[in-house]
Amino acid sequence: DYRLRESKTAIRRDIALGPEDLLIWAVLIGSVELAECFWQHYQKHGDPIRTALLASQISHKVAIYQPTEAHHYLKNAEIFETWACQVLDRCQVQRDAMFLLMKSSEQWPGTILQVAMEGKSKNFIGHRHVQSLIDEYWRGNSFGSRGAVPHETGLANILSNVLFPTITMEVPSM
């Protein structure tokens, strides 16, 4: 009995919960108000966009496993995703937004853009800064792009070149 009591005390001493743990707990119990208290910490000392997106994605998952509370968790997921969009709205210049969206994390794999796309965060992906970054990527004007397409090139021109590639014949010199 003494050893059991002592081991429980030792376990309690080893547990140190940080704001990220408490935020996840608040999301799991469905408390937006409590989650917001812990999320405020990330506004100053962390990665608020990634954290809000992850909270939204966790809420989506909980909604699947708690069908009686699904409406509540889906509503919370929208609120968390809105938080991420509001932080991104603070970027006045696209370059600042691009830096945030392509920023990697020591704690989480991938960039914020990858987290949003893998988590199907449609409202966030529809944000003007995200759409601008995706457009720049596809035009080849962003890190990781394969080739550059001028801005004045229209969709019809791109599609016609894909569907009907230009055949160039070289005549050997004599």
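The structure contained in this document is the topic of the report that follows. (Residues numbered from 1 in each chain as written. Predicted model: local features only at pLDDT ≥ 70, side-chain atom pairs only at ≥ 80, totals over all residues. Heavy atoms only, no water.)

1. Details of the pattern of salt bridges
Here's step 1: By the definition in use, this model includes one salt bridge.
Here's step 2: The closest approach of N and O atoms between R50 and D47, which form a salt bridge, is 2.7 Å.
Here's step 3: On the basis of relative accessible area, R50 is assigned to the buried category, the value being 0%.
Here's step 4: Taking relative accessible area as the criterion, D47 reaches 12% and is therefore assigned buried. (Salt bridge = Lys/Arg side-chain N within 4 Å of Asp/Glu carboxyl O. Buried < 20%, exposed > 50% of the residue type's maximum accessible area, 1.4 Å probe, protein only.)

2. Section: helix α3 (residues 32-45)
Here's step 1: Relative to the 20 Å expected for 14 residues at 1.5 Å per residue, α3 spans 20 Å between its end C-alpha atoms, a close match to the ideal helical length.
Here's step 2: The axis of α3 is deflected most strongly, by about 30°, at F38.
Here's step 3: Each element contacted by the buried residues of α3 is listed here: α2 (19-28), α4 (48-65) and α5 (70-89). (Helix = DSSP H or I, 4+ residues; strand = E, 2+ residues; numbered from the N terminus. Expected span 1.5 Å × (residues − 1). Bend = angle between axes of the 7 residues up to and from the residue. Contact = heavy atoms within 4.5 Å.)

3. Details of the side chain of H127
Here's step 1: If you trace the backbone, H127 turns up in the loop between α8 (122-125) and α9 (128-139).
Here's step 2: On the basis of relative accessibility, which here comes to 8%, the residue H127 falls in the buried class.
Here's step 3: Beyond its immediate stretch of four places on either side in the chain, H127 contacts C85, L88 and D89.

4. So, the environment of I29
Here's step 1: Relative to the helices and strands, I29 is located in the loop between α2 and α3.
Here's step 2: Through-space distance from the C-alpha of I29 to that of S59 is 9.5 Å; in sequence the pair is 30 residues apart.
Here's step 3: With sequence-adjacent residues up to four places away left out, I29 is seen in contact with L34 and Y73.

5. Digging into the packing of aromatic side chains
Here's step 1: Following the criterion strictly, the structure yields two aromatic pairs and no others.
Here's step 2: Aromatic side chains W39 and W83 sit 4.7 Å apart centroid to centroid with 25° between the ring planes, which places their arrangement in the stacked category. Remark: W83 occurs in helix α5 and W39 occurs in helix α3; sequence separation between them is 44 residues. Pair check on accessibility: W39 and W83 agree, each one buried.
Here's step 3: For the ring pair F80 and W83, a centre distance of 5.1 Å and an interplane angle of 70° mean the geometry is edge-to-face. (Phe/Tyr/Trp six-rings, centres within 6.5 Å; stacked < 30°, edge-to-face > 60°.)

6. Details of the nonpolar core
Here's step 1: Counting residues in hydrophobic clusters, the biggest one holds 31 residues, and the most contacted among them are I49, L53, L88, F124 and V130.
Here's step 2: Only α2, α3, α4, α5, α6 (94-101), α7 (112-118), α8 and α9 provide two or more residues apiece to this core.
Here's step 3: No other element matches the six residues that α5 contributes to this core.
Here's step 4: With sequence-adjacent residues up to four places away left out, L53 is seen in contact with E81, A84, I112, V115, A116, S121 and F124. (Core = buried A, V, L, I, M, F, W, Y, C linked by side-chain atoms within 4.5 Å.)

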